[in-house]
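Chain residues, written in single-letter form:
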Amino acid sequence: MIALEYLLFAVAIGLYIWLRYRPEHVIVISWIVTLIIAILIAVYVVISKGQSYALYWLATFPPIAYFLLGGKRGLITSVIFFALCFIFLTQATDDWESAPFTLHSLNNIFIATVALIIILRHIEQTRAEAFHYLEEHSQRLEYIAVTDRLTGLYNRAKLDSALSDALRKTKHHQREFSVVLLDIDHFKRVNDTYGHQVGDSILVELGQLLRCNVRSTDVAGRWGGEEFLLVLTEHTRQHAVMHAERLRHAIEAYEFRDGIRITASFGVASYRPGDDESSIIKRVDQALYRAKDEGRNRTISDAQ
Ligand SMILES: Nc1nc2c(ncn2[C@@H]2O[C@H](COP(=O)(O)OP(=O)(O)OP(=O)(O)O)[C@@H](O)[C@H]2O)c(=O)[nH]1
């Protein structure tokens, strides 16, 4: 029996260590470990014939169950385990002639255990609430860190990291990728004519238009002022130019707030071996500059 106990104990420890490397099986392994520990404690109580030192081990079960199974499951498992142990021990006192405890002491153990379960439930609930609060808070901070406040698109910091990611993946997997830089034409006039607030609304609407027109794998963000950058993964230059042209027509056809219409100029640059962040941005900037220079409301690529 003792050998079996050691074996079960070793299995429980082994499974617990394995958990660290198999997080996808966390629930199944947690249940198995909890069950093994419940069996170990129950067997120990039975073979020691309910000696008081053995009964102390009962108190270790609720913390383990809460730790491994979480608040709700830990509570239910602890209650079931203790109800079964209590029934078993009450029955056992009839069979064990020299039972080392009285019903009174068993009641005391029962009451102390109920108190322990309630305290652990409270601690677990507080821990879970704190965890959810921190999780929500960190998601909110993460959102703020990568989002442009006005348009809700990604901000410059996120675009920088998306650009670095795209470059790394492209170099590693020999794939294509392109960037598109667009700038609203004569935006100063919009501000001067309708006011800065209307200008802001147009930037917001343009942000929504861009968001609806990029794939989930692409990244669209505000590069600064009235400039927006798209990082288009797995886009050849030809595809990126077509994409930019579609967007340009969509912007031209769109009726913004108060019936205002705007146009935008587009620069397109595609990855060339040896590129880094600054070289590809320099080319897309030059392409955009040429689009402006050649009359605006057009798309120019770094191959033209
Ligand atoms: N409303 C608003 N305007 C902005 C914002 N950021 C930049 N601008 C304005 O964008 C305008 C950019 O002006 P310019 O750089 O002269 O360019 P443009 O008038 O668009 O002319 P081209 O780019 O040459 O076609 C300026 O008037 C800025 O004040 C913003 O967040 N909100």
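Just so you know, the residues in each chain are numbered from 1, in the order the chain's sequence is written. Per-residue local features of the predicted model are confined to residues with pLDDT of at least 70, and side-chain atom pairs are confined, for both listing and counting, to 80 or more; whole-chain, interface and lining totals are unaffected and use all residues. Hydrogen atoms and water are omitted, and side-chain values are computed over all heavy atoms in the structure.

(A) The UniProt feature "domain: GGDEF" (unreviewed entry) in the protein chain, seen in detail. UniProt positions are given in the numbering used here, feature names are shortened, and annotations may be inferred rather than shown by experiment. Within this structure's numbering, the places UniProt gives as "domain: GGDEF" (unreviewed entry) are residues 175-304. Helix and strand definitions follow DSSP, with helices as H or I runs of at least four residues and strands as E runs of at least two, each counted in order from the N terminus. Secondary structure across residues 175-304 divides into 45% helix and 24% strand, with the first and last C-alpha atoms of the span separated by 22 Å.

(B) Molecular detail of the pattern of salt bridges. Throughout this description, the term salt bridge denotes a Lys or Arg side-chain nitrogen within 4 Å of a carboxyl oxygen of Asp or Glu. This model, assessed by the stated rule, comprises 16 salt bridges. Note that aspartate 183 is salt-bridged to lysine 292, the shortest N-O span being 2.7 Å. A residue pair is termed long-range when its members are at least 10 positions apart, and aspartate 183 in strand S1 (residues 177-184) and lysine 292 in helix H11 (residues 277-293) qualify at 109 residues. Only protein chains enter the accessibility calculation, which uses a 1.4 Å probe; a residue whose area is less than 20% of its type maximum is buried, one above 50% is exposed, and one in between is partly exposed. Judged by relative accessible area, which is 8%, aspartate 183 ranks as buried.

(C) Representation of the nonpolar core. Of all hydrophobic cores here, the largest spans 27 residues; its most connected members are Val180, Leu182, Ile202, Leu206, Ile251, Ile262 and Phe266. Counting only elements with at least two residues in this core, the list comes to S1, helix H8 (187-194), helix H9 (196-212), strand S3 (227-233), helix H10 (237-253) and strand S4 (264-270). At 6 residues, the largest contribution of residues to this core is made by H9. Should any heavy atoms of two residues lie within 4.5 Å, those residues are considered in contact. Residues within four places of isoleucine 202 in sequence aside, it is in contact with Phe187, Val190, Phe256, Ile260 and Ile262. Each nonpolar core is a collection of buried residues, namely Ala, Val, Leu, Ile, Met, Phe, Trp, Tyr and Cys, held together in the definition by side-chain atoms within 4.5 Å.

(D) Seen up close, the UniProt feature "transmembrane region" (unreviewed entry) in the protein chain. If you check UniProt for "transmembrane region" (unreviewed entry), the listed places come out as residues 6-21, 28-47, 74-93 and 105-123 in our numbering. Secondary structure content for residues 6-21 is 100% helix and 0% strand, and the end C-alpha separation is 23 Å. Note that residues 105-123 is 100% helix and 0% strand, and that its end C-alpha atoms are spaced 27 Å apart.

(E) Seen up close, the site of the ligand. The full set close to the ligand counts 16 residues, and His186, Phe187, Asp200, Arg222 and Arg296 are the nearest of them. Any pair of N or O atoms that falls within 3.5 Å is considered a polar contact. Within protein, one atom must be able to donate a hydrogen and the other to accept it, and sequence-neighbouring residues count only if both atoms are side-chain atoms. The contact in question runs from an oxygen atom of the ligand to an N or O atom on the side chain of aspartate 183, over 3.1 Å. At a separation of 2.8 Å, an oxygen atom of the ligand approaches a polar side-chain atom of arginine 296. Every accessible area reported is derived by Shrake-Rupley at a probe size of 1.4 Å, with residue values counting cover from the shown protein chains alone. Look at the ligand: alone it shows 670 Å² of surface, and the protein chains cover 67% of it. Element by element, the count of residues in the shell around the ligand is highest for H9, at 4 residues. Here the residues of the shell around the ligand sort into 3 nonpolar, 5 polar and 8 charged. One heavy atom within 4 Å of a molecule or strand makes the whole residue count as near it. Any residue that is not Ala, Val, Leu, Ile, Met, Phe, Trp, Tyr, Cys, Pro, Asp, Glu, Lys or Arg is counted as polar, Gly included; the first ten are nonpolar and the last four charged.

(F) Structural view of the packing of aromatic side chains. Pairing of aromatic side chains here covers Phe, Tyr and the six-membered ring of Trp, requires ring centres within 6.5 Å, and sorts the geometry by plane angle: under 30 degrees stacked, over 60 edge-to-face, intermediate tilted. A full pass over the atoms with the stated rule returns 4 aromatic pairs. Among the aromatic residues, those joined into a cluster by ring pairs are Phe61, Phe81 and Phe82. Taking the ring centre of tryptophan 223 as reference, the NZ or CZ of arginine 156 above it sits at 3.7 Å. Between the NZ or CZ atom of lysine 158 and the centre of the ring of tyrosine 154, over which it lies, the distance is 5.1 Å. Distance and angle both matter: a charge sits over a ring if NZ of Lys or CZ of Arg is within 6 Å of the ring centre and within 35 degrees of the ring normal.

(G) Expanded view of H8. Turning to H8, its buried residues are Phe187, Val190 and Asn191. Projected down its long axis, H8 carries its buried residues within an arc of 95°, all on one side. Within H8, the exposed residues directed more than 90 degrees away from the buried face are Lys188, Arg189, Asp192 and Thr193. In the core, the buried residues of H8 are packed alongside S1 and H9. Think of the arc as the fan of directions from the helix axis to the C-beta atoms.

(H) The packing of helix H2 (residues 26-47) against helix H4 (residues 61-69), seen in detail. At their nearest, the axes of H2 and H4 sit 9 Å apart, and the two run at 170° to each other. The orientation of H2 relative to H4 falls into the category roughly antiparallel. Along the contact surface, H2 presents Ser30, Trp31, Val33, Thr34, Ile37, Ala38 and Ile41, while H4 presents Phe61, Ile64, Ala65, Leu68 and Leu69. For the contact of H2 with H4, the class distribution of residues is 10 nonpolar, 2 polar and no charged. As a rule, the C-alpha atoms of each element are fitted with a line to give its axis, helices using only the stretch in contact, and angles between N-to-C directions run from 0 to 180 degrees. To sort the angles, those under 35 degrees are grouped as roughly parallel, those over 145 as roughly antiparallel, those from 65 to 115 as roughly perpendicular, and the leftovers as oblique.

(I) Layout of a nonpolar patch on the surface. Taken together, the side chains of Phe9, Ile13, Tyr16, Ile17, Trp18, Tyr21 and Phe67 make up a nonpolar region of the molecular surface, amounting to roughly 800 Å² of accessible area. With 6 residues, the single largest contributor to the nonpolar patch is helix H1 (residues 2-21). For isoleucine 17, the location among the structural elements is in helix H1. Residue classification places isoleucine 17 among the partly exposed residues on the basis of a relative accessible area of 45%. Only residues above 30% relative accessible area that lack a salt bridge enter a patch, with like-charged residues linked at up to 9 Å and the nonpolar side chains Val, Leu, Ile, Met, Phe, Trp and Tyr linked at up to 5 Å.

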